[in-house]
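Now for the letters of each chain:
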There are 2 protein chains.
Amino acid sequence: MRISELSGASGVPVATIKFYLRVGLLPLGRPVATNQAEYDEIHVRRLGLIRALADVGELPLGTVRQVLEAVDDPDVPMHEALGKAHILLGPELDGTSDPDVVAAREEVDRFLRELGWTVSAESPGRDELAFALATLRRLGWPDTDPARLFTPYAQAADRIAAREVKATTPAGATRAEAMERAVIGTVVFDAVLSALRRLAQERHSAERLRSRSAP
Amino acid sequence: MRISELSGASGVPVATIKFYLRVGLLPLGRPVATNQAEYDEIHVRRLGLIRALADVGELPLGTVRQVLEAVDDPDVPMHEALGKAHILLGPELDGTSDPDVVAAREEVDRFLRELGWTVSAESPGRDELAFALATLRRLGWPDTDPARLFTPYAQAADRIAAREVKATTPAGATRAEAMERAVIGTVVFDAVLSALRRLAQERHSAERLRSRSAP
């Protein structure tokens, strides 16, 4: 297909596609004439992945590029590439050397050990939890015992992740397909879970208000 | 306390505090001498809230200011202010007028109706779900039936939100305290849930790999 058809199929404007081609985020098409190239389904899917990462995941383009490199590099083992993508998809944290965060990190490590989860010591989620714990303490949150604070979220996350991991890699999927699904799933369903949590909060708040003002 | 003590108590550098004072994010201290002001616990907590919104919530400072205005304005009813804060805390979406997103929005509305949740037609979560659904379709996600796709996440979110709403407003809390807790809770526990989901995914992936390679 031509670049205008690629734009129609992907919903990405031609000028944006040209920009992605120029900066190397999107592989060039097959040249068919001077100033004309032929694109295919691989380009449509790659544009979708870029949009998912940039729009839904709100990642800067430099990070999008690094995620795509991890997805594409056939020399990086799948499990490692997924780990790398996970690190890139997480938030950038400043101040993990702050003494409060360092102390919180030890408590988070103990909490995860007690949960019995096998996760790498380098997983960025550990620092994210430590950062959250230190933030809550700084803000005077009434109860900051990691087990009481995190357990309900850990249980919910565990049920969800068990389903997701089972669904991620259907038999016969290529490496690129499996990586793409994992990256899309992480980013898009983070947004889904966050949106549904806010909607559910609104629903429960409204019901609480109503039951209070009932005669 | 002096500005240097405020910096120590809040963990925010003096230069950053001065910047927040200059742009009006932080209320001025009580002047005690030329070029010297006295700060108190209100300043410590406000700095904590700014950091939670900017660092954990990754909100731009313009949005932080709007959230603080909604928190502070005593003329805005609590429920409305919370709704406003929720809109500001959500992601900024481009392209909600895209025909695919508009079609997906109708399906999302039907899904929420069938769930029986009472949520405003203007809640930003609706568009976020529509955006996620349209993105998954564009990316060729194998199954994009909203009920099958979203129900496990909705159930998890609902259990969590029911606890959160109950815990949010302890008896005797002032309006400002209740608003602060709601805003902090939304932002910090979004990060907690997202981090735990990634850790749980890692844990289930590792267990799956191990059970495959077992002799």
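1. Structural notes on the overall build of chain A
Here is step 1 of the chain: Per the secondary structure count, chain A includes nine helices and two strands.
Here is step 2 of the chain: Relative to a compact globule of 215 residues, whose C-alpha radius of gyration would be 17 Å, chain A shows 22 Å and is clearly more extended.
Here is step 3 of the chain: Within the span of chain A, comprising 215 residues, buried residues form 49% of the whole.
Here is step 4 of the chain: Counted over contacts in chain A with a minimum sequence separation of 6, partners at least 24 positions apart contribute 58%.
Here is step 5 of the chain: Accessible surface for chain A amounts to roughly 10,400 Å². Of this, 52% is attributable to carbon and sulfur atoms.
Here is step 6 of the chain: Within chain A, one finds 27 positive and 31 negative side-chain charges whose respective centroids are separated by 6 Å.

2. Remarks on the pairing of strand 1 (residues 30-33) of chain B
Residues and elements named next belong to chain B.
Here is step 1 of the chain: Inspection of the sheet shows strand 1 paired to strand 2 (residues 36-38) by three bridges, in the antiparallel sense. When the bridges of strand 2 are listed, Arg30 appears paired with Glu38.
Here is step 2 of the chain: Following strand 1, the chain reverses through two residues before pairing antiparallel with strand 2; Asn35 in that reversal takes a positive phi of roughly 60°.

3. Here we look at the packing of helix 7 (residues 124-138) of chain A against helix 3 (residues 41-56) of chain B
Here is step 1 of the chain: Two elements in contact, helix 7 of chain A and helix 3 of chain B, have axes separated by 9 Å at closest approach and are oriented at 160°. In terms of their interaxial angle, helix 7 of chain A and helix 3 of chain B are classed as roughly antiparallel. At the point where helix 7 of chain A passes helix 3 of chain B, the crossing takes the left-handed sense. Contacts between helix 7 of chain A and helix 3 of chain B involve Phe131, Thr135 and Arg138 of chain A from the former and Arg51, Ala52, Asp55 and Val56 of chain B from the latter.

4. Remarks on the nonpolar core
Here is step 1 of the chain: Counting 128 residues, the largest nonpolar core has Leu53 and Leu196 of chain A together with Leu53 and Leu196 of chain B as the members making the most contacts within it.
Here is step 2 of the chain: When residues no more than four places from it in sequence are discounted, the contact partners of Leu196 of chain A are Phe111, Trp117, Leu129, Phe150, Tyr153, Ala154 and Ala157 of chain B.

5. Comments concerning the side chain of Arg105 of chain B
Here is step 1 of the chain: Assignment of secondary structure puts Arg105 of chain B in helix 6 (residues 99-115).
Here is step 2 of the chain: Setting aside its immediate chain neighbours within four residues, Arg105 of chain B contacts Ala121, Arg126, Asp127 and Ala130 of chain B.

6. Notes on the confidence of the model for chain A
Residues and elements named next belong to chain A.
Here is step 1 of the chain: Within chain A, residue pLDDT values average 85, and 91% of them lie at 70 or more.
Here is step 2 of the chain: Per-element mean pLDDT across chain A ranges from 72 in helix 5 (residues 78-89) up to 94 in helix 6 (residues 99-115).
Here is step 3 of the chain: Among the prediction metrics, the complex's ipTM stands at 0.80, with pTM recorded as 0.80.

7. Looking at the packing of aromatic side chains
When we look at a pair of aromatic rings, we describe it by the centre distance and by the angle of the planes.
Here is step 1 of the chain: One pass over the full model with this rule turns up eight aromatic pairs over all chains.
Here is step 2 of the chain: Ring geometry for Phe19 of chain A and Tyr20 of chain A: centres 6.1 Å apart, planes at 50°, overall tilted.
Here is step 3 of the chain: Their ring planes at 15° and their centres at 4.9 Å tell us that Tyr153 of chain A and Phe189 of chain B sit as a pair that is stacked. Taken together, the positions of Tyr153 of chain A in helix 8 (residues 146-168) and Phe189 of chain B in helix 9 (residues 175-213) put the pair across two chains. Each of the two residues, Tyr153 of chain A as well as Phe189 of chain B, counts as buried.
Here is step 4 of the chain: Three or more aromatic residues joined by ring pairs make a cluster, and in this case those are Trp141 and Tyr153 of chain A together with Phe189 of chain B.

Calculation criteria
- Residues numbered from 1 in each chain as written.
- Chains lettered and ligands numbered in written order.
- Predicted model: local features only at pLDDT ≥ 70, side-chain atom pairs only at ≥ 80, totals over all residues.
- Heavy atoms only, no water.
- Helix = DSSP H or I, 4+ residues; strand = E, 2+ residues; numbered from the N terminus.
- Rg over C-alpha atoms; globule rule 2.2 N^0.38 Å.
- Buried < 20%, exposed > 50% of the residue type's maximum accessible area, 1.4 Å probe, protein only.
- Contact = heavy atoms within 4.5 Å.
- Areas by Shrake-Rupley, 256 points an atom, 1.4 Å probe, with all protein chains shown as cover.
- Lys, Arg positive; Asp, Glu negative; His and termini not counted.
- Charge placed at Lys NZ, Arg CZ, Asp CG, Glu CD.
- Pairing = 2+ DSSP bridges.
- Axes fitted to C-alpha atoms, helices over the stretch in contact; angles between N-to-C directions.
- Parallel < 35°, antiparallel > 145°, perpendicular 65-115°, else oblique.
- Left-handed = near helix turned anticlockwise from the far one by under 90°.
- Core = buried A, V, L, I, M, F, W, Y, C linked by side-chain atoms within 4.5 Å.
- pLDDT = per-residue confidence, 0-100.
- Phe/Tyr/Trp six-rings, centres within 6.5 Å; stacked < 30°, edge-to-face > 60°.

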